[in-house]
Amino acid sequence: MKFKFCRALISVSLIAGTVSTLGYAAPVRKKLAIKAGKIITVAGPEIQDGAILIEDGIIKAVDKNVEIPWDAEVIEAKDRVVMPGFVLAHTSNGLDAQNENVPEVPFLSTFDSIDPVSPFFEDSLRDGVVAMLVLPGNNTLLGGTGTVVKPYGRTVETMLIKRYSGLKISLAPPVQQTLRYMDGRYSYQSTASVSRMGQMQRLRRYMAELKDYLEQYEQRKKDAKEQEKLFDEEIDPRKQPMIDLSNGKLTAFIYCGIAADVPKAIEIQETHNFNTALVLGTDGYKAADLISKKKMPVILDPQLVVWETNEETYAEEMKVAPAIFYKAGVKFAFQADTSEYGRRYLWYQAATAVRYGVDRAEALKSITLYPAQFIGIDNRFGSIESGKEASLVFLTGDPLDAQTWVDKVMIGGEIVYEKAKDLRLKKLLEKPKPEEGQQTSQDKNTD
Amino acid sequence: MSGSDTGTSRRLCPKAWWALLTILSLSLCAGPAMAGADRQSLVIKAGVIWPMTGSAITNGLVIIENGKITAVGTNLPIPEGAKILEMPDKQVMPGLIDGHCHLGLSLAAFAEIEETVSAVTPDMQILDAFNPLASDVTKALRSGVTTVLLAPGYKNPIAGQMAIVKLPGGKKDAGIINRSAGVKFSLGNEALMSDRRPTSRPGLLAQVREELNKAGQYQEGKFDPRAEILKRVVQGQLPVHIYCNAVDEILAAIKIIDEYKLKAVIVGAREGDEIAEMLAERNIPLIYMPTILASQDKDLKRVGRIAAAGVKVAFASYAPRTNLSDLRTSAIIAAKYGLAPELALKGLTINAAEILGIAQRLGSIEPGKDADLVILSGDPLELTSGVEMVIIDGNIVYQKEQK
Amino acid sequence: MRACAIWLTFFSLPLMVTSVSSAQEKTVAIKAGEILTVSGAPIKAGIILIQNGKIVDIGTTIAVPQDASVIDASDSVVMPGLVDAGALPPVRGDLNEQSSEITPALRISTALDPKSKVLKRIVQTGCTTLYIAPGGANLIAGLGVIMKPVGKSAAELIIKDDAALKIVMGSDSTQGNRIPWYEPPTTFYYRRPTTTMAVAWMLRKSFFDAKQYIASHEKEDPNMEIIAAALQGKIPIRVAVRRAIDIRTALRIANEYGLQVILDECTEGYKVAEEIAKKNTPVVLGPFYYYPRTSSQYEEGREVNWNNAGILAKAGVRVAIASNSQEGPRFAATQDESVDLLTAATFAVRHGMAPAEALKAITLTPAEILGVAERVGSLENGKDADILILSGNPLAATSRIKLVILKGETVYQID
């Protein structure tokens, strides 16, 4: 009897041991606790000297006084400000090519075009972005579907957060850019080859043809059923994205190059009842009142401050898009532009908004929660709340302070970026060492 | 024939010679007397006469003899044999003077006036390109414009010499009033080109100064027609007409006028009202751009303000850019947007004559001046008034067809 | 009694007259939360007294005259108006005179447009004194001018004409020039320089010819006159350079001719900071690039260091930060976009420059480099009352300019 029991016990422990070694048994729950000097949850008031509990990459709790489990790895960040990682609601960077030169290609996907090695992703991570929706560019009417990725990973698959997300529609006529030499310098000359009238008509025709196609498809299906024949015809996959758009499975991101395109975008939304987000150009602020009536999400152009000449007084007036939309009660998200000074940083866009009158909490939401909502990932991103992903940024100071740097970036509970180890950034900020080949024997001195 | 007969001789007797001579001399006298039928005096009796010096005359008359005005007023003695035109419901004013146009060119206007291969061409004379028989010249007669200043183009900083001509009329050829009325300068951005100096504004102004400096040092003897002309400009003997529109262009022009003490007129001067005091204190007159080319209502108010500041203003048509008949329209629009009506009329006539230096013979209805008149169906400053008749040097050169 | 009244009236008349004219002798007092003088330590809760457009007193306990108009900035920060040592020129049309590569007598001051949008915008971004120069496509580009942004004509705007001679080294002046290889030379673009070697050669030749000109006492050649004056130290020389090799070439040539120059742009200055410091050469930085560029036929290559300003300052170089917008990449979109100096300084601090240095780099240092420091660049008695009032620390991204005062007059105010 005892022997049988011992044998059973040994076998069970052996099996359990093997299984646990192989890791198929009860998974080891990775527990983290971040003790931060300040936590900006975005969802609620800012917390001084609090802690965030994370388990398996998911936030379990965030509060001032939280009991830290004995088996949690503690990350000390007493001199840091921790907030949700920034979310970029629209970008066309990081792609092999932003546009297809055929106007109606909704079936293309940026998933097939994202280049993980692009410096854009490295810069985005360095600047604190943890999720971004990569969509086709502004030169194609129906550009294709987008992909939500994190700017971290060697392959698109490992970068992937959500596939088949968002469909890009551009109302701006495709622009050809040719390099011209004139007036002693080279510059790009733009020539639009199609008009805005043409774009709208193309879209209407496409939707009409789609409608016909679907009706005929349903008819064929019905006929087959009546005749009790097998019906195995599938919907043309090239048309599927537009169908999904009509069914609300995808959100349309409509690019309005000029403010005059906004009523057109609204017309499209009202006619076809798409979920729509507007991606605006520099003068989009002119349509603020129109948009406020529709309560459509708005993604601002990277250039937030535009100069306008007053027709009567000839004075030059600063128009600040976020301030105008804030006053009109419209929710917006920012874009960044990596080539221009401050515009490169989402936090600087938020700081600019605050400078011109936007409430601080709203501005911070515009780089975290709102973009997450616009692209449909707010169940996981955009704020520090229980149940969301632990994708956070550790900042050296207040996010709206120009002297603040991103110290660490955590994605899904893992630290994936550390400024201290960022060699490229170091090279850009530190004085080059003499042996880095800047001096030659001939020009050692300029005397 | 030999021998001599008594009684009838083949030779004319002295009496007959005298008779022949008398008849010949009489017919010679009669000749001029008959020709004098062409040089008949003309009397125009009109409802309103606008002499431009002094106030308007109601129900007065203008007496024209030998192509000149001999009298204007009311209750004047009418010369014998004068042709009388009764026009009790019409209005008479001096023939209009266009301060800046490009009429009568043999080829397409803008090919003819822009000699752009070289930027500095003061030796070019616009009169060499003028064709008095061109159709636009003859058509221009019905506009009421009787004297024009012809000018070269806008693309050369120093474009060439202007000419003042009377439109052709009657039996005479086009009257050249001044072969070389001055030199045209262009300080607008139109004078910048990408493949020929100057390509920038500072370069344009530097080039103009260089040329004026060189001219100042020019010595007679060395063949340099350009420097010769510019020397006369720098010495104030030849006026300059400087084309410029924006404030910074006009300021640059004023600076050059001050530096080189030029005798100058500014042409265009769209934004002249913003620095009108500077023009007024220097007595720089303006030939204002056609108001119908203005793109904004607020621009139409400018010329009124300039004139109110004391600057002498005349008008231009830039023909064929606008029609010669639009010259009066320009003045009418200016008057509707604030220019004093008297100044609008003077701008078309006497002020233009004074600016162009031809006021001794043109610009007003005064004894001794050329009989260049235009007769209108109503008030000259009403758009609904039309040109009924145009008289140049006492000859009726245009008459509206009566239905 | 009556006589008294008469005498009183008689004597009070001139007083009444002067009180009318004293409306022009305006006294303005600014009560500030914090005064950043730039030349000294910040003053908390201070007052600045202005009379006739000049600063007459700064301190914490100052008697404010009865007739002074008071600006209440007690919740704001006050600093000197900014000095842009390389601003976008308010000139219409092309800035580059392409007909010749050597145009020393070209004066940008002749083409100033007082109504330019550039001036109206630059005032709103806090700039109260600016230096502008001709375009950078020529080797010797011409003469710059120091001016104020508000005025009706050139006479009112300019405070110092012929302020510096602009020289551009590197390969910018070679753009567009070509050799008549298989075609006849049809435009003026068939000329030197077509390589960077020729740039240095032509510069040396110009200096050599100017020296000959000085020695020969020849008749007046306006171009030679200017170069000669520059060689004799009468006109400051500003050399625009980007790459380290060009910086070295510029310093070498300057040394050969015994010249003290000012370096503009200096994108790779960080590589040769000690050499620049040794020559006591001041530097006017701008524009700022995040990314390096490789050399191509369209533009010069350059490497970048974001902390260029900080590294140069640390090496002891006098650093000014300017917008230098027209020197930007050859594909610069429009001439309307000009970087504002406060943002430039803010990011210089972010990348490693000391805050006090950065603030100086957009006020006192450019004023010194331009030679107008006796009247602008800091808040000190006797200087022009060019003052900015901000909602907070000027180097904070969330601070906004609320008021701009130019020579004692408010020229910009937010609603």
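Caption draft 1: Representation of the overall build of chain C in the model. Across its full length, chain C holds 11 helices and 15 strands. The C-alpha atoms of chain C give 24 Å as radius of gyration, which agrees with the globular expectation for 415 residues (22 Å, within 12%). Relative to its 415 residues, chain C shows a buried fraction of 54%.

Caption draft 2: Focus on the sheet that holds strand 4 (residues 83-94) of chain B. Residues and elements named next belong to chain B. With mixed pairing, the 7 strands of this open sheet are ordered in space as 3-2-1-4-13-14-15. Here the strands that pair on one side only, and so sit at the sheet edges, are strand 3 (68-73) and strand 15 (395-399). Neighbour to neighbour, the strand axes of the sheet diverge by 35° on average, direction disregarded.

Caption draft 3: Structural detail: the sheet that holds strand 10 (residues 261-265) of chain C. All names here are of chain C. Across the sheet, which stays open at both edges, the 8 strands sit in the order 5-6-7-8-9-10-11-12 with mixed pairing between neighbours. In the strand order of this sheet, the two ends are held by strand 5 (82-84) and strand 12 (319-321), each with one partner. Taking the axes of each pair of neighbouring strands and ignoring which way they run, one obtains an average angle of 25° across the sheet. Examined bridge by bridge, strand 6 (residues 127-132) and strand 7 (residues 140-147) share 3 bridges and lie antiparallel to one another. When the bridges of strand 7 are listed, Ile132 appears paired with Val145.

Caption draft 4: Region of interest: unusual backbone geometry. Of note, the amide linkage connecting Arg197 of chain B to Pro198 of chain B takes the cis form, showing an omega dihedral of -5°. Following Gly286 of chain C, the chain continues into Pro287 of chain C via a peptide bond in cis, with omega recorded as -10°. Non-glycine residue Tyr164 of chain A carries a positive phi angle of around 55°. Secondary-structure assignment places Tyr164 of chain A in the loop between strand 9 (160-162) and strand 10 (167-170). You will see that Asn283 of chain B, though not glycine, has its phi angle at about 55°, which is positive. Position of Asn283 of chain B relative to the elements: it lies in the loop between helix 7 (276-281) and strand 11 (286-288).

Caption draft 5: Quick look at the pairing of strand 5 (residues 86-91) of chain A. All names here are of chain A. Across the 6 residues that make up strand 5, a large majority, 6, are buried. For strand 5 and strand 6 (residues 129-134), the ladder comprises 4 bridges, and the chain directions are parallel. Across the sheet, residue Thr91 finds its bridge partner in strand 6, namely Val134. Assessed by its sense of winding, the connection that carries the chain from strand 5 through helix 2 (residues 119-126) to strand 6 is right-handed.

Caption draft 6: The arrangement of the interface of chain C and chain A in detail. Each side of the interface is counted separately: chain C has 42 residues, and chain A has 34 residues. Put simply, the parts of the chain that give the side of chain C that touches chain A at least two residues each are helix 2 (117-124), helix 6 (244-256) and helix 9 (341-350) of chain C. Residues that form the side of chain C that touches chain A fall into these classes: 16 nonpolar, 14 polar and 12 charged.

Caption draft 7: Looking closely at the confidence of the model for chain C. Residues and elements named next belong to chain C. A residue-level look at chain C finds 90% of positions with pLDDT of 70 or above and a mean pLDDT of 88. pLDDT under 50 marks residues 327-336. Its contacts with residues more than four places away, or in other chains, come to 15 contacts. Among the scores for the predicted complex, ipTM is 0.88 and pTM is 0.85.

Caption draft 8: Molecular detail of the confidence of the model for chain B. Residue and element names in this part refer to chain B. Counting all residues, the mean pLDDT for chain B is 88, and 88% of those residues have values of 70 or more. Across residues 1-8 the pLDDT falls below 50, and counting only partners more than four positions away or on other chains, this stretch makes 0 contacts in the model. Across residues 31-38 the pLDDT falls below 50, and counting only partners more than four positions away or on other chains, this stretch makes 0 contacts in the model.

Caption draft 9: Main features of helix 4 (residues 201-216) of chain B. Between its first and last C-alpha, helix 4 of chain B extends 23 Å over 16 residues, near the 22 Å set by a 1.5 Å rise per residue. Taken together, the buried positions of helix 4 of chain B are occupied by Arg201, Pro202, Gly203, Leu204, Leu205, Ala206, Gln207, Val208, Glu211, Leu212 and Ala215 of chain B.

Caption draft 10: How the structure looks around the pairing of strand 14 (residues 387-392) of chain B. Residues and elements named next belong to chain B. With 6 of its 6 residues buried, strand 14 lies for the most part within the structure. Pairing of strand 13 (residues 373-376) with strand 14, which is carried by 4 bridges, proceeds in the antiparallel orientation. When the bridges of strand 14 are listed, Val374 appears paired with Val390. Pairing analysis gives 4 bridges linking strand 14 to strand 15, with the strands arranged antiparallel. Bridge pairing links Met389 to Gln399 in strand 15. The hairpin formed by strand 14 and strand 15 contains 2 residues between the paired strands, and Asp393 there has a positive phi angle of roughly 55°.

Caption draft 11: Geometry of the domain arrangement of chain C. Residue and element names in this part refer to chain C. On domain assignment, one finds that chain C holds domain 1 (24-81 + 379-413) and domain 2 (83-370). Relative placement of domain 1 and domain 2: their C-alpha centres are 32 Å apart. Elements supplying a minimum of two residues to the side of domain 1 that touches domain 2: strand 14 (401-406) and strand 15 (409-413). Of the residues forming the side of domain 1 that touches domain 2, the biggest block, 3 residues, is contributed by strand 14. Of the residues contributing to the side of domain 1 that touches domain 2, the split by class is 12 nonpolar, 2 polar and 1 charged.

Caption draft 12: Highlighting the environment of Ala420 of chain A. Residues and elements named next belong to chain A. In this structure, Ala420 sits in the loop between strand 21 (414-418) and helix 12 (423-429). For Ala420, a count of 8 C-beta atoms within 10 Å gives the class exposed. Through-space distance from the C-alpha of Ala420 to that of Asp407 is 7.4 Å; in sequence the pair is 13 residues apart.

Caption draft 13: Representation of the packing of helix 4 (residues 196-216) of chain C against helix 5 (residues 222-231) of chain C. Residue and element names in this part refer to chain C. Between helix 4 and helix 5, the shortest axis-to-axis distance is 9 Å and the interhelical angle comes to 95°. The orientation of helix 4 with respect to helix 5, classified from their angle, is roughly perpendicular. In this structure, helix 4 contributes Ser206, Phe207, Asp209, Ala210, Lys211, Tyr213 and Ile214 to the contact, and helix 5 contributes Met224, Ile227, Ala228 and Leu231. Among the residues forming the contact of helix 4 with helix 5, the class breakdown is 8 nonpolar, 1 polar and 2 charged.

Caption draft 14: Fine view of the environment of Lys298 of chain B. All names here are of chain B. Mapped onto the fold, Lys298 is located in helix 8 (residues 297-300). For Lys298, a count of 12 C-beta atoms within 10 Å puts it in the exposed group. Counting along the chain gives 32 residues from Lys298 to Ser330, while the straight-line C-alpha distance between them is 15 Å.

Caption draft 15: Representation of the nonpolar core within the structure. Counting residues in hydrophobic clusters, the biggest one holds 363 residues, and the most contacted among them are Leu278 of chain A, Leu150 of chain B together with Ile48, Val78, Ile321 and Ala345 of chain C. Among the elements that line this core, the one with the most residues is helix 6 (residues 247-260) of chain B, at 8 residues. The contacts of Ala345 of chain C, once residues within four sequence positions are left out, are Ile321, Ala358, Leu359, Ala361, Ile362 and Leu395 of chain C.

Caption draft 16: Inspection of the domain arrangement of chain B at higher detail. All names here are of chain B. What the domain assignment reports for chain B is domain 1 (40-94 + 364-403) and domain 2 (96-362). On a C-alpha basis, the centroid separation for the pair domain 1 and domain 2 is 29 Å. Contact residues are listed per partner, giving 20 residues for domain 1 and 24 residues for domain 2. Sorting the residues of the side of domain 1 that touches domain 2 by element identifies strand 4, strand 14 and strand 15 as the ones contributing at least two each. Its residues assigned to classes, the side of domain 1 that touches domain 2 shows 13 nonpolar, 3 polar and 4 charged.

Caption draft 17: Representation of the environment of Asp283 of chain A within the structure. All names here are of chain A. Counting through the fold element by element, Asp283 comes out in the loop between strand 14 (275-280) and helix 7 (288-294). On a C-alpha basis, the gap between Asp283 and Leu300 in space is 9.7 Å, while along the polypeptide they are 17 residues apart. Setting aside anything within four residues of it in sequence, one finds Asp283 in contact with Ile258, Ala259 and Val306.

Caption draft 18: Examining helix 9 of chain C more closely. Residue and element names in this part refer to chain C. Taking burial as the measure, the 10 residues of helix 9 include 10 buried ones, the bulk of the element. Of the positions making up helix 9, those classed as buried are Leu341, Leu342, Thr343, Ala344, Ala345, Thr346, Phe347, Ala348, Val349 and Arg350. Looking at the buried residues of helix 9, the elements they touch are strand 5, strand 6, helix 8 (308-314), strand 12 and helix 10 (355-361). Looking one or two residues past helix 9, Gly352 carries a phi angle of roughly 135°, positive in sign.

Conventions we followed
Residues numbered from 1 in each chain as written. Chains lettered and ligands numbered in written order. Predicted model: local features only at pLDDT ≥ 70, side-chain atom pairs only at ≥ 80, totals over all residues. Helix = DSSP H or I, 4+ residues; strand = E, 2+ residues; numbered from the N terminus. Rg over C-alpha atoms; globule rule 2.2 N^0.38 Å. Buried ≥ 20, exposed ≤ 12 C-beta atoms within 10 Å, placed from the backbone. Pairing = 2+ DSSP bridges. Axes fitted to C-alpha atoms, helices over the stretch in contact; angles between N-to-C directions. Right-handed = clockwise from strand over helix to strand, strands pointing away. Contact = placed C-beta atoms within 7 Å. Nonpolar A, V, L, I, M, F, W, Y, C, P; charged D, E, K, R; others polar. pLDDT = per-residue confidence, 0-100. Expected span 1.5 Å × (residues − 1). Domains from an automatic or database assignment. Parallel < 35°, antiparallel > 145°, perpendicular 65-115°, else oblique. Core = buried A, V, L, I, M, F, W, Y, C linked by C-beta atoms within 7 Å.

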